[in-house]
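This is what each chain is made of:
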Amino acid sequence: MNAIECEGLTLALGGRDILHRITLAVAAREFVGVLGPNGAGKTTLMRAILGLLAPREGQLRVLGRPAARGNRAVGYMPQARGEQGLHLRGWDFVAAAGGPRWGLPWRGAAERAAVDRALALVDATALARRPLAALSGGERQRLLLAQALLGEPRLLLLDEPLISLDPHRQAEVVALVRQVQQSLGIAVLFSAHEINPLLGAMDRVLYLGAGKAAIGPVAEVITGPVLSELYATPIEVLQVRGRFFVMSGGQDMEHAAHRHEHAHTHGGTP
Amino acid sequence: MFEYDFMRHAFAAAAIVGVLGGVVGWFLVLRAQTFAGHALGHIGFAGATGAALIGIAPLWGLVGMTLAGGVAIGLLGERLAQRDVAIGIVLAFALGLGLLFLHFYTAYASETTALLFGNLLGVDRHTVWLLAGLGAVSLGGMALIARPLLFASLQPELAAARGVNPRLVSVLFLAVAAIATAESAEIVGVLLVFALLVGPAAAAQRLTPRIGAGVALAAGLAVAEGWAGLAAAYVTDWPSTFWIATFSAGVYLLTGLATGLAPRR
């Protein structure tokens, strides 16, 4: 059974098509990097997979069933990291994401064990004893990953986990996700601004742009002709010592997008 | 001082409102919604004076208006978050409306003062039972929504994906917060609800990174500050509201010093 199947899927926001009639499948134990310029639909696609956005047309099946909210088999690490509760202990923060039940937040033995297991998977057992405010960006990222792993998902959606991390921490997060993905045998969608940090880890790449999607091995997707269509402008792909540079008229498109995103975050826009 | 009925009533009322205010306040601070508590107090003033005008107990007017206001804030949700100016104007209008009701009611200045600044020593037996009943309902409501509220406050997107309805949880919480605000206003007045709702909770969040301990500490601090204020008022004959506000601010400042003057924002 595939983790994700899209058939003629159109996703729209505010009457505008973000993704138009895309068809693709992600296998059960596959690590797929999701790339593309800002606004290409990376987050929109994840929200649709979670059932938070209904398809305008076409089919979207998640682990063999139509996408729907409340699917415990799908783990999610949103890009909008809450700014609330930074004084809280990491453990309490992770455990808060238990489930949708009503009632008091007492954690039973089984639930506490599940939190401890998720923390152990990402090697954050010691980190979780400290308040979030005392952790670095990379350490907080590990707790968020543990939170996404609660409920033992078979599909993990990670929205821009590398944002605002330095290259060294980026490599650590990618390696950690790859290790967890392989040891649990689950599927991962990992969105990023830049392809290079993901190169060694991902099985295939899903590149979004201009309402379209291209999925396949890096060597087949990260090419001038394919990306020219997705960016709707002539693109040249340079490869230097195993790293890719997506260039348009002498400008590096992925780095330009990254800088733009930073300007956004510092400007106070979420 | 316990030989007087009014003192026993005052201590009981301070305990009830302290527990509710501390618990609700902890979540208000967590959700960065403390301004809602302030706003609800002002809206409640118009309700209290309006109720007095038509011959109903002001507490019911207070609860009715804060509940309506809380649900409205919850329903408007994010659209309201960035609108300081609109909220400020509505608050000023609510206070103005309250003043007009008082004008027609031709109330004495002392009753206006009681609404604005509280009158803990004037709480009678009937009001204590009323506060206890409303407090029990509100704490019951909190017990019901605490789990999804915590989830939706810390990770709204993830909570929505996991099947929590953040809008519903937010409306229910603000309804409970509205009752807590009305009860706090009965003790320290509509202008000083921050002293019971926010002060103890903010201090508790500085003192412990644990959720359960933090909520319990917020409630404990609110009760302790209320009781200490009453005792100080008994000894000095100064207003109890002054003392409660002073202890609330003092404890908050002390916790700041204790945690190394670390600014949170």
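Starting from 1, residues in each chain are numbered consecutively following that chain's sequence as written. A letter from A marks each chain and a number from 1 marks each ligand, given out in the order of writing. Two thresholds apply to this predicted model, a pLDDT of at least 70 for residue-level local features and 80 or more for giving and counting side-chain atom pairs, whereas whole-chain, interface and lining totals are computed over all residues.

Caption draft 1: Layout of the overall build of chain A. The secondary structure content of chain A amounts to 8 helices and 13 strands. With the radius of gyration taken over C-alpha atoms, the globule rule is written as 2.2 Å times the number of residues to the power 0.38. Here the C-alpha atoms of chain A give a radius of gyration of 19 Å, agreeing with the 18 Å that 2.2 N^0.38 yields for 270 residues. The principal-axis extent of the C-alpha atoms belonging to chain A is close to 55 × 40 × 35 Å. In this scheme the burial state of a residue depends on its C-beta neighbours within 10 Å: 20 or more other such atoms mean buried, 12 or fewer mean exposed, and anything in between means partly exposed; the C-beta positions come from the backbone. Going through the 270 residues of chain A one by one, you find that 41% of them count as buried. Residues are treated as contacting if the C-beta atoms built from their backbones sit within 7 Å of each other. For chain A, the proportion of contacts with a sequence separation of at least 24, taken over those separated by at least 6, is 65%. Only DSSP runs of H or I with at least four residues qualify as helices, and only runs of E with at least two residues qualify as strands; both kinds are numbered from the N terminus onward.

Caption draft 2: Quick peek at the interface of chain B and chain A. Each side of the interface is counted separately: chain B has 27 residues, and chain A has 25 residues. If you list the elements that add at least two residues to the side of chain B that touches chain A, you get helix H7 (125-154) and helix H8 (156-161) of chain B. The element contributing the most residues to the side of chain B that touches chain A is H7(B), with 10 residues. Residues are sorted three ways: Asp, Glu, Lys and Arg are charged, Ala, Val, Leu, Ile, Met, Phe, Trp, Tyr, Cys and Pro are nonpolar, and all the rest, Gly among them, are polar. Residues belonging to the side of chain B that touches chain A are distributed by class as follows: 17 nonpolar, 4 polar and 6 charged.

Caption draft 3: The arrangement of the pairing of strand S1 (residues 4-13) of chain A in detail. All names here are of chain A. Across 7 bridges, S1 lies against strand S2 (residues 16-26) in antiparallel orientation. Bridging from a neighbouring strand, Leu11 pairs with Leu19 of S2. In textbook terms, the turn of a hairpin is the stretch between consecutive antiparallel strands, and for S1 and S2 this stretch comprises 2 residues, one of which, Gly14, has a positive phi near 55 degrees. Where S1 lies against strand S4 (residues 57-62), 5 bridges are found, and the strand directions are antiparallel. Looking at the pairing, Glu7 lines up with Gln59 of S4. For two strands to be treated as a pair, DSSP must find no fewer than two bridges joining them.

Caption draft 4: How the structure looks around the packing of helix H4 (residues 137-149) of chain A against helix H5 (residues 167-184) of chain A. All names here are of chain A. Structural elements are reduced to axes, namely lines fitted to C-alpha atoms, with helices fitted over the stretch in contact, and the angle between N-to-C directions of any two is expressed from 0 to 180 degrees. Closest axis-to-axis distance for the H4/H5 pair is 10 Å, and the angle between their directions is 20 degrees. With respect to H5, the element H4 is oriented roughly parallel. Every pair of crossing elements has a handedness; the one defined by H4 and H5 is right-handed. Together, Gly137, Gly138, Gln141, Arg142 and Leu145 of H4 and Arg169, Glu172, Val173, Leu176 and Val177 of H5 make up the contact between the two elements. The class makeup of the residues in the contact of H4 with H5 is 4 nonpolar, 3 polar and 3 charged. The scheme is simple: roughly parallel for angles under 35 degrees, roughly antiparallel for over 145, roughly perpendicular for 65 to 115, oblique for anything else. For any helix crossing, the convention is left-handed if the near helix is rotated counterclockwise from the far helix by under a right angle, and right-handed if that rotation is clockwise.

Caption draft 5: Geometry of the domain arrangement of chain A. All names here are of chain A. What fixes the domain bounds is an automatic or database domain assignment. The assigned domain composition of chain A is domain 1 (4-73 + 153-266) and domain 2 (82-152). Each of domain 1 and domain 2 has a C-alpha centre, and these two points are 26 Å apart. On the domain 2 side, the residues contacting the 13 residues of domain 1 number 12 residues. Examining the composition of the side of domain 1 that touches domain 2, we find that 6 residues originate from one element, H5, more than from any other. Within the side of domain 1 that touches domain 2, the residues separate by chemical class into 8 nonpolar, 2 polar and 3 charged.

Caption draft 6: Spatial organisation of the sheet that holds S2(A). All names here are of chain A. One open sheet accounts for 4 strands, arranged S2-S1-S4-S5; its pairing is antiparallel. At either margin of the open sheet sits one strand with a lone partner, and together these are S2 and strand S5 (65-66). Alignment of S4 against S5, held across 2 bridges, turns out to be antiparallel. What sits directly across from Arg61, in S5, is Pro66. Sheet strands in contact with helix H1 (residues 42-49) are S1, S2 and S4, and its direction is about 115 degrees off that of S1.

Caption draft 7: Representation of the packing of helix H3 (residues 58-76) of chain B against helix H9 (residues 166-188) of chain B within the structure. Residue and element names in this part refer to chain B. In the contact formed by H3 and H9, the axes pass within 8 Å of each other and the chain directions differ by 150 degrees. Compared by their axis directions, H3 and H9 come out roughly antiparallel. For the element pair H3 and H9, the recorded crossing hand is right-handed. Every residue of H9 that contacts H3 at Leu59, Leu62, Val63, Thr66, Leu67, Gly69, Gly70, Val71, Ile73, Gly74 and Leu75 is listed here: Ser170, Val171, Leu174, Ala175, Ala177, Ala178, Ile179, Thr181, Ala182, Ala185 and Glu186. Each residue belonging to the contact of H3 with H9 can be placed in one class, and the counts come to 15 nonpolar, 6 polar and 1 charged.

Caption draft 8: Fine view of the sheet that holds strand S7 (residues 155-158) of chain A. Residue and element names in this part refer to chain A. Reading across from one edge, S6-S7-S8-S3-S9-S10 is the order of the 6 strands in this open sheet, with mixed pairing throughout. Edge strands, defined here as strands with exactly one partner in the open sheet, are strand S6 (74-77) and strand S10 (212-216). When the angles between neighbouring strand axes are averaged without regard to direction, this sheet yields 15 degrees.

Caption draft 9: Structural view of H4(A). All names here are of chain A. Taking 1.5 Å of rise per residue, the 13 residues of H4 would be expected to cover 18 Å, and the 18 Å separating its terminal C-alpha atoms lies within 8% of that figure. When we look at burial in H4, the residues that qualify are Gln141, Arg142, Leu143, Leu144, Leu145, Ala146, Gln147, Ala148 and Leu149. For H4, the secondary structure elements touched by its buried residues are S6, helix H2 (90-95), helix H3 (109-121), S7 and H5. Directly beyond the C-terminal end of H4, a positive phi value near 85 degrees is found at Gly151. In this scheme, a helix's expected span is set at 1.5 Å multiplied by one less than its residue total.

Caption draft 10: Examining the nonpolar core more closely. Judged by nonpolar contacts, the single largest core of 177 residues is most densely connected at Ile49(A) and Val94(A). In terms of residue count, the dominant contributor to this core is helix H1 (residues 5-30) of chain B (16 residues). Mapping this core onto the domain boundaries places at least three of its residues in each of domain 1 (4-73 + 153-266) and domain 2 (82-152) of chain A. Put simply, a nonpolar core is a cluster of buried Ala, Val, Leu, Ile, Met, Phe, Trp, Tyr and Cys residues tied together by C-beta atoms within 7 Å.

Caption draft 11: Up close: the environment of Ala118(A). Residues and elements named next belong to chain A. Topologically, Ala118 is positioned in helix H3. Using a count of 25 C-beta atoms within 10 Å as the deciding quantity, one classes Ala118 as buried. Between the alpha carbons of Ala118 and Leu143 there is a distance of 9.0 Å; along the sequence they are 25 residues apart. Residue contacts for Ala118: discarding those within four places in its chain leaves Val94, Ala146, Leu149 and Leu150.

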